[in-house]
Amino acid sequence: MRNLWTVFFFATILCLSHARADNLLDGADLGYGEYLSGECVTCHSKDGVDKGIPVINGLDAEVFASIMHAYKTGDMDHPVMMMVASRLDAEQIASLAVYFAAMPGTN
Amino acid sequence: MVTKFSRRQFTGGILAGTTALAMPSLAFGARPRVAVIGGGAGGATAAKYIAKDSKGAIDVTLIEASKRYYTCFYSNLYLGGFRSYASIGHNYYGLSVNRGVNVVHEWANSVDTAAKVVNLGHGGQVKYDRLVLSPGISLKYDSLPGYSPEMHSRMPHAWTSGTQVQLLRSKVLNMKKGGTFVMVPPPNPYRCPPGPYERVSMIAHLLKERNPTAKIIILDPKPKFSKQGLFMAGWEKHYPGMIDWIDPDTHGGIKSINATSMEIETDLDTFKADAASVVPAQHAGSIAMAAGVTDGDWCPINPANMTAKADPNIYVLGDASVASSMPKSGFSANSQAKVAANHIRGELTGSRVYEARYANTCWSLVATDDGIKVGANYSAGPEKIDVVSKFVSQGDESADVRKATYQESIGWYEGITTDMFS
Ligand SMILES: Cc1cc2nc3c(=O)[nH]c(=O)nc-3n(C[C@H](O)[C@H](O)[C@H](O)COP(=O)(O)OP(=O)(O)OC[C@H]3O[C@@H](n4cnc5c(N)ncnc54)[C@H](O)[C@@H]3O)c2cc1C
């Protein structure tokens, strides 16, 4: 009985997080993401080199989007990133997420 | 835009003459041409993005006088001994080899805006459908009494790319024990608002190690300056008693500069320098003046796309433009270049044009591992570029935060120079 409950518990979490992930990437537009990425690559090296700013090329799209939403709500705290995220709406975040996920990762 | 072009082409049979006039390159099947003058933060970025995103559909020529671009950003860190001179130099191979940009190392002499032609120093010409101007600044020699181009070697401004900053470093290193360094910052508006104060910090860092009884005097034409509280607190902490900032109310204005005797005269006193950096007032790079797109010292632009108010075929980026609340910085120039590149592609190939989004962050180093920053993002208002939101480092930050800020700035340098040149 207890096991069944555990399975149900995890299944629910999976479903919920799956649903959330779908929402996170709703409305993604690769072309728009490419345009918006111009603002990111001034700091996040396009060649995937980390000399003090993390590489975001190749980052999983859902992870990318969750992080940006966390900066937007203030759950993650960094003055530049909070400013960047503050004016991105969910579709813009989704567009950026799919664009960077498709970029070749760290060199 | 796509439909507009195809409609034009469709009616081309009847209106061939008109079409040819309106869209010459498209009508004849030739690639539209973009010329970019200035391969710095604005121009190199614009050339790259236009070439990259148009995937060969636009012919891009970059006209840049120098074969190597030494960034002004981080030149202060070179002064302080945190970077080598070689590490701030960049070439244009990436743009020509990876992106197919025609890089022409020549001086642009003039622009014939009616014929849409750039005249080069050695008599050649570059034709354009759209022109991007990002020539940076020229110095106003008459802004300081007694100041002249010949004084560059005695009191280096080191405010444009190149070897001036090496000269300045050697002069600081050769100061006599307990000597005086005088910094004369420029009046507003000028390239890199925190720059003179970061420069002072880096010179103080150098002197603290090698000549700790030396003094630094700042004769400022401005009553306040960028990140003032943060800089002054940093000076007090790291270089107590070394730096004296004198505002214009106190010194009463600079009356004369004598580079031979190394004396700077103000109402308050005549200051004798063992080494000095004098940065005069500035205006848009001279080619912008020659192209007739300036109004006074700078070029007014349309905030939505960075086109010059005076000519819709010319885009003005970076320091030369009047970007209202955006400071004249490499970051700003790079950001503006992407907006312009997107708009130019739309105009010439019918690709999608997105809304203008601008951003800037300026990092400064006050002392080892003590970095501070200020930044904002911006959108295009009807008349000017407006601030959306902004931030600045706090006075009570921990040493860890300051160190992280410095490390972030190293990442930014890597990011922006890759973005410009590769
Ligand atoms: C000490 C100092 C520190 C700085 N620190 C920072 C910083 O930390 N962060 C930051 O973002 N910014 C910083 N800046 C500011 C930054 O360097 C400038 O704002 C930026 O370079 C402006 O870009 P631009 O494209 O307008 O001009 P530039 O980068 O100056 O490029 C102009 C180019 O055009 C070329 N050119 C001009 N006229 C012609 C012509 N007629 N024909 C051919 N070529 C021509 C020049 O050779 C030059 O290469 C600093 C500046 C200084 C002086």
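The residue count restarts for each chain, going from 1 along the sequence in the order it is written. To read the labels, note that chains go from A and ligands from 1, taken in the order they are written. Since the coordinates come from a predicted model, pLDDT governs what is reported: local features require at least 70, and pairs of side-chain atoms require 80 or more to be given and counted, while whole-chain, interface and lining totals use all residues. Excluded from the side-chain calculations are hydrogens and water; all other atoms, namely the structure's heavy atoms, are used.

Q: Lay out helix H2 (residues 30–41) of chain A in plain terms, naming residues and giving numbers.
A: All names here are of chain A. Numbering of helices and strands runs from the N terminus, with a helix taken as a DSSP run of H or I at least four residues long and a strand as a DSSP run of E at least two residues long. Helix span is expected to be 1.5 Å times the residue number reduced by one. Between the first and last C-alpha of H2 there are 16 Å, a value that for 12 residues agrees with the 16 Å anticipated at 1.5 Å per step. Note on exposure labels: buried denotes an accessible area under 20% of the residue type's maximum, exposed denotes more than 50%, and partly exposed covers the range between, all computed with a 1.4 Å probe on protein chains only. In terms of burial, H2 is largely enclosed, as nine of its 12 residues are buried. Of the residues making up H2, those classed as buried are Tyr32, Gly33, Tyr35, Leu36, Ser37, Gly38, Glu39, Cys40 and Val41. The N-cap of H2, judged by a side-chain oxygen 3.0 Å from the amide nitrogen of Gly31 a few residues on, is Asp29. Two N or O atoms form a polar contact when they lie within 3.5 Å of each other; inside protein one atom must be a possible hydrogen donor and the other a possible acceptor, and for residues adjacent in sequence the pair counts only when both atoms belong to side chains.

Q: Tell me what's going on with the environment of Lys46 of chain A, and back it up with residues and numbers.
A: Tracing the sequence through the fold places Lys46 of chain A in the loop between H2 and helix H3 (61–73). Measuring from C-alpha to C-alpha, the distance between Lys46 of chain A and Gly105 of chain A comes to 9.3 Å, with 59 residues separating the pair along the chain. Two residues form a contact once any of their heavy atoms are found within 4.5 Å. Leave out the neighbours within four places in its chain, and Lys46 of chain A touches Val41, Asn57 and Tyr99 of chain A together with Lys48, Tyr49, Lys52, Thr418 and Asp419 of chain B.

Q: Give a detailed account of the packing of H3 of chain A against helix H5 (residues 90–101) of chain A, specifying residues and quantitative values.
A: Residues and elements named next belong to chain A. Axes here refer to lines fitted to C-alpha atoms; in helices the fit is confined to the stretch in contact. Angles between the N-to-C directions go from 0 to 180 degrees. H5 packs onto H3 with a crossing angle of 140° between their chain directions and a minimal axis gap of 8 Å. Overall, the two elements H3 and H5 adopt an arrangement that is oblique. The handedness of the crossing between H3 and H5 is right-handed. For the pair formed by H3 and H5, the contact residues are Ala61, Phe64, Ala65, Met68, His69 and Lys72 on the first element and Ala90, Ile93, Leu96, Ala97, Val98, Phe100 and Ala101 on the second. Gly is placed with the polar residues, together with every amino acid not listed as nonpolar (Ala, Val, Leu, Ile, Met, Phe, Trp, Tyr, Cys and Pro) or charged (Asp, Glu, Lys and Arg). Of the residues assigned to the contact of H3 with H5, the class counts are 11 nonpolar, one polar and one charged. Angle categories are assigned with fixed cut-offs, so that under 35 degrees is roughly parallel, over 145 is roughly antiparallel, 65 to 115 is roughly perpendicular, and the rest are oblique. Helix crossings fall into two classes, left-handed where the near helix is turned counterclockwise from the far one by less than a right angle and right-handed where it is turned clockwise.

Q: Summarise the domain arrangement of chain B; cite the residues concerned and give the values.
A: Residue and element names in this part refer to chain B. These domain boundaries are the output of an automatic or database domain assignment. Along its sequence, chain B is organised into domain 1 (31–136 + 285–421) and domain 2 (144–277). A C-alpha centroid distance of 28 Å is found between domain 1 and domain 2. At the junction of the two partners, domain 1 supplies 33 residues and domain 2 supplies 30 residues. By buried area we mean how much accessible surface two parts lose on assembly, using a 1.4 Å probe and totalling the loss over both. Here domain 1 packs against domain 2, burying approximately 2600 Å² in sum over the two surfaces, 62% of which is carbon and sulfur.

Q: Mind laying out the site of the ligand, listing which residues take part and the relevant values?
A: All names here are of chain B. Close contacts around the ligand come from 34 residues, with Glu64, Tyr69, Ser134, Arg191 and Asp319 the closest. Here a nitrogen atom of the ligand sits 2.8 Å away from a polar atom, N or O, in the main chain of Ala108. A distance of 2.9 Å separates an oxygen atom of the ligand from a polar atom in the backbone of Phe331. Put simply, the parts of the chain that give the shell around the ligand at least two residues each are helix H4 (41–54), helix H5 (75–80) and helix H12 (330–349). If you tally residues by element for the shell around the ligand, the top one is H12, at three residues. Taken together, the residues of the shell around the ligand break down into 17 nonpolar, 11 polar and six charged. Both domains that meet at the shell around the ligand, namely domain 1 (31–136 + 285–421) and domain 2 (144–277), each give it at least three residues. Only heavy atoms are used to decide nearness, and a residue is near a molecule or strand if one of them lies within 4 Å of it.

Q: Describe the interface of chain A and chain B, naming the residues involved and giving the relevant values.
A: Facing the 27 residues of chain A at the interface are 40 residues of chain B. Buried surface at the junction of chain A and chain B, both sides included, amounts to about 2500 Å², of which 54% is carbon and sulfur. By convention in these notes, a salt bridge is any Lys or Arg side-chain nitrogen within 4 Å of a carboxyl oxygen on Asp or Glu. Inspection of the chain A/chain B interface yields four salt bridges. A salt bridge links Glu34 of chain A to Lys52 of chain B; the shortest N-O distance between them is 3.6 Å. The tally of links between chain A and chain B comes to 15 residue pairs in polar contact (both at pLDDT 80 or more). Listing elements by their share of the side of chain A that touches chain B, those giving two or more residues are H2 and helix H4 (79–86) of chain A. At eight residues, the largest contribution of residues to the side of chain A that touches chain B is made by H2 of chain A. Residue composition of the side of chain A that touches chain B, grouped by class: 12 nonpolar, eight polar and seven charged.

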